[in-house]
Structures are given as structure tokens and as C-alpha cells.
Amino acid sequence: MTDPTDTPGGAAPDPADGLPSGARTPAPALARTPEELARMRARLGGRVALVPTMGSLHGGHRALMAAAREQADAIIVSVFVNPLQFGPGEDYEHYPRDLGADIRVCTEEGADLVFAPSAEDMYPGEQIVRVDPGEMGRVLEGEFRPGFFSGVLTVVCKLFNLVRPDAAVFGQKDAQQLALVRRMVRDLNLPVTIAAAPTMRDPDNLASSSRNAYLGSEERRSALALSKALLSGADASLTGPVGILSAARAVLDEAVAGDPPVTVDYLTLVDANTFAEVPSDFRGDAVLLVAARVGGTRLIDNVPLTL
Ligand code: AMP
């Protein structure tokens, strides 16, 4: 594969090479540094939408780019594996990275610019000042991954300042992250509109994720319990929080005893606005959330419910 680092600041290699000329779409411009980004951003007219990603792009990311197109005239996709949001012993070193493949996806989805900086360019010195996600960032994912949301919000804030988008698109797949980004924008008066795209699923209903690549075929079979549990919970939505949770729990309990086993970090029903657990008489927008490990792979999934 062509090493995209061979074309700093220039157009990415044309991924349509070898196709009939009618099938060619222009490759997005590629910015490798904040300075290159600033130069290229200044040339983009109209409304600009940002799609922040860590790369290894799949159908979920494609859906975000399609949603971005509805928000703006130009789409910028950032591809950056953010070291600040990985804890010790997590998969920062092993996280799948393939910028050439990512650029091909961005080309197919009609992105205008890909911003793929190095960690050194994003964090030239120690990142002393960080965004504090508050209590909402310390529960659920924040409890199992201490510092995660501070790392996420800090890099999202930096990306907003570097890209200066009119809109940014995030996935419902990471529901707590989406809610915290919305909250950061509100609490810090950031001049950007946040749009959400629904969770994309693979044909077997597993939520699409870059980390699915870590799963062996048996592990993947066990992992399907997550979406099955959410579906079962959603089917019981008329019975209220207790019924929803027990329907979902019954599916997970089987998977916990399965082979390979699923280890559940949490299964919970939260208020969509606060991410606090709902009381049994709750009415309003809620999210049924699950996080679990299969082998060495940690997976999250959720379904929004109106009670
Ligand atoms: P990531 O590259 O995993 O950090 O994700 C970048 C963005 O893509 C985030 O806003 C995610 O919520 C979103 N995303 C990841 N997977 C999916 C999916 N299966 N469906 C919709 N959005 C997704």
C-alpha cells in the first residue's frame, strides 16, 4: 500500500486508480499538521462539518459522513488515535491504524479534507490543561476507564479549535460520549452545532466498531449477546425499567455462562440527559446501555428508549 506519509500536505494517493475514469471521485486533501490544516481550511467555503474519528473507518463512520453532508457544504474527517483517552494497559499501541484505507473510505464518502496529525503535533508538550467532564463523565464508561472522558473532551475541544467547524457529527453508538460532547458545547459556549447519527450494525447485528477486528469467530458469536440483550430489553419497554432490565439481563446471564464467556461490566437504564440510573417510575427519554468483555475485547452498545 502507498504510504500516505509520502504526500505530506498534498492530495492523498488516488484510491480510484485502476478504475474506469467515470468511477473516479476526487481524493480529499490530506493535512498532516495543524499548520497544513489551517491553510487548507481557509480555502473551504460555506458551512464546514467535522467528523472526528480514530480511523479504521467502517460503516458507522460512513454514516457520520453522510449525516455531515446534510449539515454542511464541506466535510472534514479527522483521523487521530488520541493517546490522552487510553488508560494504562489499554490498546493504544495495538489500535488498528491504516491511513491509506481510511482515505479510500473518505474518498468514497465524498469528504473534502482529512486531518491526520501525529501525537506530537497534537500534544507538542505536556497537556496540563484538560476538560473536566464532571460527574457525568465519572460514571459508567468513566468508572471503568478513569480519565477516558477527560481525554475525549480535551481532544474534541482541541479539534474544534483547530478546525473551527460549523457542525460536528458524533455516533449514538458512544451514547455517553455524545451526551458529554453536547454538554461541553453548552457549558463552554462552543460555537458548533452537534448532530448525531444512529448506530450502524454489521449484518449479524453487532454494532460496527473498529475493535470488532479483535474478535475471533467464536468470540464474535458470544458478543452477539449484547445486541440481543438490548433488543430483548427494548421489546419489554412497555413494562417499565424493572421489566426492561430483567429481560436484557436474562439474555446476558446466558452469555455469561456461555463459551467463550461474556463478562459484563454494566447493564443499566439511564436518563438520556443526565446518564443517572432511572427510578422505577421513570417517564421520558432513556438509554439502555451495556458494556462487556469477550476474550480481551471490550465492547459497548446501547439502544435509546422512550418510556
Ligand atoms: P471512533 O473512531 O470509534 O472513535 O468513533 C468515531 C465516531 O464514530 C464517534 O462519534 C462514534 O460514536 C462513531 N461511531 C463509531 N462506531 C459507530 C457505529 N457503529 N455507528 C454509528 N457511529 C459510530
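First, a word on what this report is: a plain description of the structure on this page. (Residues numbered from 1 in each chain as written. Predicted model: local features only at pLDDT ≥ 70, side-chain atom pairs only at ≥ 80, totals over all residues. Heavy atoms only, no water.)

**Structural notes on unusual backbone geometry**
Residue P260 follows D259 across a cis peptide bond; omega there is -5°. Along the polypeptide, P260 turns up in the loop between α9 (240-256) and β7 (262-271). Look at L140: it is not a glycine, yet its phi comes out positive at around 55°. Note that L140 resides in the loop between α4 (119-122) and α5 (141-144). (Helix = DSSP H or I, 4+ residues; strand = E, 2+ residues; numbered from the N terminus.)

**Observations concerning the packing of aromatic side chains**
Geometrically, a pair of aromatic rings is defined through the distance of the ring centres and the angle of the planes. Here the structure, examined in full by the defined rule, presents six aromatic pairs. Their ring planes at 40° and their centres at 5.8 Å tell us that F144 and Y266 sit as a pair that is tilted. Of this pair, F144 sits in helix α5 while Y266 sits in strand β7, placing them 122 residues apart in sequence. The exposure class of F144 is partly exposed, given its relative accessible area of 35%. The rings of F86, Y92 and Y95 are connected pair by pair, giving a single aromatic cluster. Looking at R97, its charged tip hangs above the ring of Y92, at a distance of 4.9 Å from the centre. Across the ring face of F148, the terminal group of R145 is positioned such that the distance to the ring centre comes to 4.1 Å. (Phe/Tyr/Trp six-rings, centres within 6.5 Å; stacked < 30°, edge-to-face > 60°. Buried < 20%, exposed > 50% of the residue type's maximum accessible area, 1.4 Å probe, protein only. Lys NZ or Arg CZ within 6 Å of the ring centre and 35° of its normal.)

**Side note on the site of the ligand**
Residues in close proximity to the ligand total 17 residues, the closest being H61, G171, D174, M200 and S208. D174 has a polar side-chain atom sitting 2.6 Å from an oxygen atom of the ligand. Between the ligand and the protein, one listed contact pairs a nitrogen atom with a backbone N or O atom of S208 at 2.8 Å. In isolation the ligand has 480 Å² of accessible area, and contact with the protein removes 91% of it. At the level of elements, β2 (48-53), α2 (59-71) and β5 (167-171) are the ones that each hand at least two residues to the shell around the ligand. By residue number, the principal contributor to the shell around the ligand is α2, which donates three residues. In the shell around the ligand, the residues fall into seven nonpolar, eight polar and two charged. (Near = heavy atom within 4 Å. Polar contact = N/O pair within 3.5 Å; in protein donor to acceptor, adjacent residues only side chain to side chain. Areas by Shrake-Rupley, 256 points an atom, 1.4 Å probe, with all protein chains shown as cover. Nonpolar A, V, L, I, M, F, W, Y, C, P; charged D, E, K, R; others polar.)

**Some points on the pattern of salt bridges**
Taken as a whole and assessed by the stated rule, the structure comprises 15 salt bridges. Note that R62 and E109 form a salt bridge whose closest N and O atoms lie 2.8 Å from each other. Of this pair, R62 sits in helix α2 while E109 sits in the loop between α3 (99-108) and β4 (113-115); the two residues are 47 residues apart in sequence, bridging distant segments of the chain. Given the relative accessible area of 24%, E109 is considered partly exposed. Its salt-bridge partner being R220, residue D202 comes within 2.9 Å of it at the nearest N-O pair. In this pair, D202 is assigned in the loop between β6 (193-197) and α8 (217-235) and R220 in helix α8, connecting sequence segments 18 residues apart. A residue is classified by how much of its surface remains accessible, and R220, at 22% relative accessible area, is partly exposed. (Salt bridge = Lys/Arg side-chain N within 4 Å of Asp/Glu carboxyl O.)

**Quick look at empty space enclosed by the protein**
Under the definition given, this model contains one cavity of 30 Å³ or more. Volume-wise, the largest cavity comes out at about 50 Å³. K173, L206, A207, S209, N212, L226, L299, I300 and D301 are the residues that line the largest cavity. In terms of residues, the lining of the largest cavity owes the most to one element, strand β9 (residues 297-306), which gives three residues. When its residues are assigned to classes, the lining of the largest cavity shows five nonpolar, two polar and two charged. (1 Å grid on protein atoms, 1.4 Å probe; cavity = no way out; pocket = protein on both sides within 12 Å on 5 of 7 lines; lining within 4 Å. Points joined across faces, edges and corners; volume = space filled by probe spheres on them.)

**What to know about the sheet that holds strand β8 (residues 285-294)**
With antiparallel pairing, three strands are arranged side by side in an open sheet as β7-β8-β9. Where the open sheet ends on each side, the last strands, each with one partner, are β7 and β9. Ignoring strand direction, the axes of neighbouring strands in this sheet form an average angle of 15°. As paired elements, β8 and β9 share 10 bridges and run antiparallel to each other. Bridging across to β9, R293 finds its partner in R298. On top of the sheet, α8 reaches β7, β8 and β9; it is set at about 165° to β8, its chief contact. (Pairing = 2+ DSSP bridges. Axes fitted to C-alpha atoms, helices over the stretch in contact; angles between N-to-C directions. Contact = heavy atoms within 4.5 Å.)

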